[in-house]
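A look at the structure
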Amino acid sequence: MSHFTIPRGGLFGAAALLAVAAGGVGFTISEWRGGSPDATAAKPPARKILYWYDPMIPAEHHDGPGLSSMGMQTIPRYADEVGASAAQPGISIDPSASQALGMRTVAVRRGELASSLTATGTIDFNQRDVAIVQARAGGFVSRVYGRAPGDVIGAGAPLADVLVPEWGGAQTEFLAVRRTGNAALIQAARQRLMLLGMPSGTIASVEQTGRPHNVITISTPTGGVIKTLNVRGGMTLMAGQTLAEVNGLGTVWLNAAVPEAVAGPLKPGQAVRAALAAFPGETISGRVSAILPETQADSRTLTVRIELPNRGGRLRPGMFATVSFGRSAQPALLVPSEALIRTGKRTLVMLALDKGRYRPAEVQTGREAGDDTEILAGLSEGEKIVASGQFLIDSEASLSGVEARPIGADMPKSPAKPMPTGAVYETVGTIEKITAQSVTLSHQAVPAIGWPAMTMTFQLTDPKVARGLKTGDRVRFGFDQPPSGPTVRRMAKVMGQ
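What you see is a predicted model, and the numbers here were worked out from it, not measured in a lab.

Looking now at helix α5 (residues 165-180). Of all the residues in α5, the buried ones are Trp167, Gly168, Ala170, Gln171, Phe174 and Leu175. Residues of α5 that are buried sit in contact with α6 (183-195), α7 (200-209) and β12 (215-219). Just past α5, the residue glycine 181 takes up positive phi, approximately 80°.

Structural data, given as C-alpha cells:
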C-alpha cells in the first residue's frame, strides 16, 4: 500500500490558496446577488407600483403581474406617473403599450378638400315651358283631330277647326272696303280684323282669295306633351276659353332633396351631374336653376331644382335620378376622419405630446370628403394627433380625469422647434370691413403667437387675396408679421357656414 505525503510547507501553501479562492468566489457571488454594500448604496430607489393593468382595459386593476381578463400581459402603473399627470395635463403611455395598441400618429396638415355632395331626386316637367291654347273669338267646334292628354305632338299640330260667325261679317266688310282702293280705309279695316283676334295668316288668305274664311284651325304654338285638352266636336266656345295646355320637353327639371345641414354652399348656376336608373352608366350634365325657399318639415330637406337637357325626349317625368353637386377644391386644415372622437356633444382628437404623453383636445369640424375632415378650430398645422387606437387612450384619459384642451386654449410651444422668421399663422374669423388695401377681421385666438380672440385690421398687399369675399363672410386666413404690420397672405371662405 503506497502513501502520498504532502510536505508541511506545501500544506500551508495549499490552505492559503484555498482561502484566497474561497474569498474570491464569495465576493463574486455576493456581487452577483447584489450583496455588496457599495452596490446597494449606489442603486436608485425602486419606483412605487400602484397597480397592474391592461392598457386595453384600463378600468381593470390587478395586484400583481399576470394576464388580464382578455388574456393580455398586464403592465405596472407607477406612482410617479400619476404625479406627473397631475403636474402636466395628459396621460403617459408606455412605448411598448403604444406598440401593442397599434397606435399611429399623424401631423395636422394643410391641403385641398375636393368636396362632392350627392342627393336623390325625380324628373318633373319644366313648368316654365308651358303653352296655353285659347279661343280668340266665340264660335263652334266643327272638327277635332283626335288628340288626347298625354300625347306628344310637334309645334303647329292642329287641335280643332272652329267656325267663327263674327269673323265672316268682318271679312266681307274688309273685302268691300278693299275694292274702293282707299288706302286709309283699307288699313283701318285690316286693323279691325286683327283686333277681332284673327291671325295674320288668315287675313292674308282673305286678301289673296277675295273670299271670307270664317273657319279657323287652332293649332299648338310649341311642341311637347298635351297636359290638358278641353275641346270636343260640336261644343260652343267663348272668347278666351282655354282649349289645351302643352308642356315642352326640350328641358326637364330634376327636383333633388338635399339635407338642410349641407345645402348652404349650393348656389344657382352651379354645375351638376345626374345619373338615372333608366340609363345605367350614363351621366347627364345640368345646372342648378333654383333652390326653393321652403324646407320639408318631415325630412328636413331643401328642394334643389336642376334643369337638364332632354335630347330626344328620353327623360320622362317620374324617373328616379342621383345627382352629384361637384364643387371645386378649397384649401383647408385636414385630419384623417378616423382620428375624430365624436361624443354627441362635442368632437375630440387625441394629441400626441412629448415623452409619450397624450391629451384630448376639442375641435370644430367642417366639411368631409373621402378620408379627410376639415378642422375649423382647435388645432394648428403640424400638431401631432393619434389616428388609430385613440379610443382606448380616450377611455384611459376619462378614467384618469384628464380634461380636454378647449378650443382657443394656448397650445404648448416646443423649444426644439422654434418658429421660423416670416412664418405664416392661421386662424378663422369673420370679415367686418374690407377695402382694396386692408381687411378688418374678428378672429379666433392664435395660440402659436399668444394672441387672444379679438378684432383687428390686417394689410392686403395683393387685392386678389380677397377676391369674391364680402363683409360678413366667415373665412380661414393665413398671415405673417413683417415690419410693416400683420399682413394677410391667403384667405378662403369657410364652406358650410
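Don't stop here, the text continues.
Bringing the sheet that holds strand β10 (residues 152-153) into the picture now. The four strands are arranged β8-β15-β13-β10 in an open sheet whose pairing can be described as antiparallel. Of all strands in the sheet, those bounded by a partner on one side alone are β8 (130-134) and β10. As paired strands, β8 and strand β15 (residues 242-247) are joined by five bridges and run antiparallel to one another. Within the sheet, the bridge partner assigned to glutamine 134 lies in β15 and is threonine 242.

Let us look at the packing of aromatic side chains. Applying the stated criterion to the full structure yields four aromatic pairs. Measuring from ring centre to ring centre gives 5.3 Å for phenylalanine 458 and phenylalanine 477, while their planes differ by 65°; the resulting arrangement is edge-to-face. With phenylalanine 458 in strand β29 (residues 454-459) and phenylalanine 477 in strand β30 (residues 474-480), this pair connects stretches of sequence that are 19 residues apart. Judged by relative accessible area, phenylalanine 458 falls into the buried class, the value being 1%. Taking relative accessible area as the criterion, phenylalanine 477 reaches 0% and is therefore assigned buried. Between phenylalanine 477 and phenylalanine 479 the ring centres are 5.9 Å apart and the planes differ by 35°, which places this aromatic pair in the tilted class.

Turning our eyes to something else, we now look at the nonpolar core. Formed by 30 residues in total, the largest nonpolar core has its most connected members in Trp167 and Phe174. Of all the elements in the fold, those that place two or more residues in this core are β11 (158-163), α5, α6, α7, β12, β13 (224-229) and β15. The element best represented in this core is α5, accounting for four residues. Core analysis: the next-biggest nonpolar cluster, separate from the first, contains 24 residues, Val252, Leu276, Val304 and Val323 among them.

Along the polypeptide, arginine 47 turns up in the loop between α2 (37-42) and β1 (49-54). The exposure class of arginine 47 is partly exposed, given its relative accessible area of 44%. Residues arginine 47 and arginine 77, 30 residues apart in the sequence, show an inter-C-alpha distance of 9.9 Å.

Our focus in this paragraph is the pattern of salt bridges. Tallying each qualifying case throughout the model produces 15 salt bridges. One salt bridge in this structure joins arginine 143 and aspartate 161, with 4.0 Å as the shortest N-O distance. One end of the pair, arginine 143, is in strand β9 (residues 139-144); the other, aspartate 161, is in strand β11, and 18 residues separate them in sequence. Classification of arginine 143 by relative accessible area gives partly exposed; the value is 45%. Using a relative accessible area of 10% as the deciding quantity, one classes aspartate 161 as buried. For arginine 490, the salt bridge identified is with glutamate 426, shortest N-O distance 2.5 Å. With arginine 490 in strand β31 (residues 487-493) and glutamate 426 in strand β27 (residues 425-434), the pair connects residues that are 64 residues apart, well separated along the chain. Of the residues examined, arginine 490 reaches a relative accessible area of 36% and is grouped as partly exposed. Its relative accessible area of 19% is what places glutamate 426 among the buried residues. Shared partners join several salt bridges into a network, and the residues in it are Arg110, Glu381, Glu426, Arg476 and Arg490.

What counts, and where the lines are drawn
Residues numbered from 1 in each chain as written. Predicted model: local features only at pLDDT ≥ 70, side-chain atom pairs only at ≥ 80, totals over all residues. Heavy atoms only, no water. Buried < 20%, exposed > 50% of the residue type's maximum accessible area, 1.4 Å probe, protein only. Helix = DSSP H or I, 4+ residues; strand = E, 2+ residues; numbered from the N terminus. Contact = heavy atoms within 4.5 Å. Pairing = 2+ DSSP bridges. Phe/Tyr/Trp six-rings, centres within 6.5 Å; stacked < 30°, edge-to-face > 60°. Core = buried A, V, L, I, M, F, W, Y, C linked by side-chain atoms within 4.5 Å. Salt bridge = Lys/Arg side-chain N within 4 Å of Asp/Glu carboxyl O.

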